[in-house]
Amino acid sequence: MVWVYWYAVNKSASSAFIYDFYIADKFRSKGYGGGAVCALESTLAAGDIKRINLRVAYDNPRALALYQKIGFAVTGLNMSKIIT
């Protein structure tokens with residue numbers, strides 16, 4: 001399998017959220033990631049979904065670059081604090 005993604009649709013908001021997305025190591029940097037997201041986009045658009053949201057980990061600049069290349073924009077920052 002080349003890619004795996006897990007997503008949920010919120011029909012009332014006309015949006016979807018990608019919870020997880022994975023490209024097998026041997027298929028990375030070959031265009032499969034962008035192609036997989038574009039295929040999902042087409043499927044969602046056919047169901048009248050207007051927006052895709054996702055979260056990118058701060059330590060994954062490669063994923064951030066991919067998402068920005070295919071049209072995603074940064075819309076916020078996640079923050080965390082460990083309580084001791």
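This structure is a prediction, so every number in the text was calculated from the model and none was measured.

Engineer: I tried to follow the overall build of the chain on my own but got confused; where do I start?
Structural biologist: When helices and strands are tallied, the chain shows two helices and three strands. For the chain, the C-alpha atoms occupy an extent of roughly 45 × 40 × 20 Å along the three principal directions. Within the chain, the proportion of its 84 residues that are buried is 20%. Separation of charge centres in the chain, based on 10 positive and 5 negative side chains, amounts to 3 Å.

Engineer: Before we go on, may I ask you to explain the pattern of salt bridges in this structure?
Structural biologist: Note that side chains of opposite charge can pair when their charged atoms are close. Following the criterion strictly, the structure yields two salt bridges and no others. For Asp-25, the salt bridge goes to Arg-28, with nearest N and O atoms at 2.9 Å. A salt bridge links Asp-48 to Lys-50; the nearest nitrogen and oxygen atoms lie 2.8 Å apart. A relative accessible area of 46% places Asp-48 in the partly exposed class.

Engineer: Any chance you could explain the environment of Gly-33 here in plain terms?
Structural biologist: Within the element layout of this structure, Gly-33 appears in helix 1 (residues 32-46). Considering only alpha carbons, one finds Gly-33 and Tyr-22, eleven residues apart in sequence, at a separation of 8.2 Å. Sequence-distant contacts of Gly-33, that is, excluding residues within four places in its chain, are made with Phe-21, Ile-23 and Leu-66.

Engineer: I keep staring at the sheet that holds strand 1 (residues 3-10) and nothing clicks. Help me out?
Structural biologist: Hydrogen bonds between backbone groups are what pair the strands of a sheet, and the pairing can be parallel or antiparallel. Read across the open sheet, the three strands follow the order 1-2-3; overall the sheet is mixed. Each having just a single partner strand, strand 1 and strand 3 (51-54) make up the two edges of the open sheet. Across this sheet, the average inter-strand angle for adjacent strands is 30°, counted without regard to direction. Pairing of strand 2 (residues 15-23) with strand 3 involves four bridges; the strand directions are parallel. In the strand pairing of strand 3, Ala-16 is matched with Ile-52.

Engineer: Would you explain the packing of aromatic side chains in this entry?
Structural biologist: Aromatic rings in a pair are described by how distant their centres are and how their planes are angled relative to each other. According to the stated counting rule, one finds seven aromatic pairs in the structure shown. Look at Tyr-5 and Phe-21: their rings are 5.9 Å apart centre to centre, the planes differ by 20°, and that puts the pair in the stacked class. Of this pair, Tyr-5 sits in strand 1 while Phe-21 is found in strand 2, placing the two residues 16 residues apart along the sequence. Judged by relative accessible area, Tyr-5 falls into the partly exposed class, the value being 24%. Members of the aromatic cluster, each reached through a chain of ring pairs, are Tyr-5, Tyr-7, Phe-21, Tyr-67 and Phe-72.

Quick notes on the rules
Residues numbered from 1 in each chain as written. Predicted model: local features only at pLDDT ≥ 70, side-chain atom pairs only at ≥ 80, totals over all residues. Heavy atoms only, no water. Helix = DSSP H or I, 4+ residues; strand = E, 2+ residues; numbered from the N terminus. Buried < 20%, exposed > 50% of the residue type's maximum accessible area, 1.4 Å probe, protein only. Lys, Arg positive; Asp, Glu negative; His and termini not counted. Charge placed at Lys NZ, Arg CZ, Asp CG, Glu CD. Salt bridge = Lys/Arg side-chain N within 4 Å of Asp/Glu carboxyl O. Contact = heavy atoms within 4.5 Å. Pairing = 2+ DSSP bridges. Axes fitted to C-alpha atoms, helices over the stretch in contact; angles between N-to-C directions. Phe/Tyr/Trp six-rings, centres within 6.5 Å; stacked < 30°, edge-to-face > 60°.

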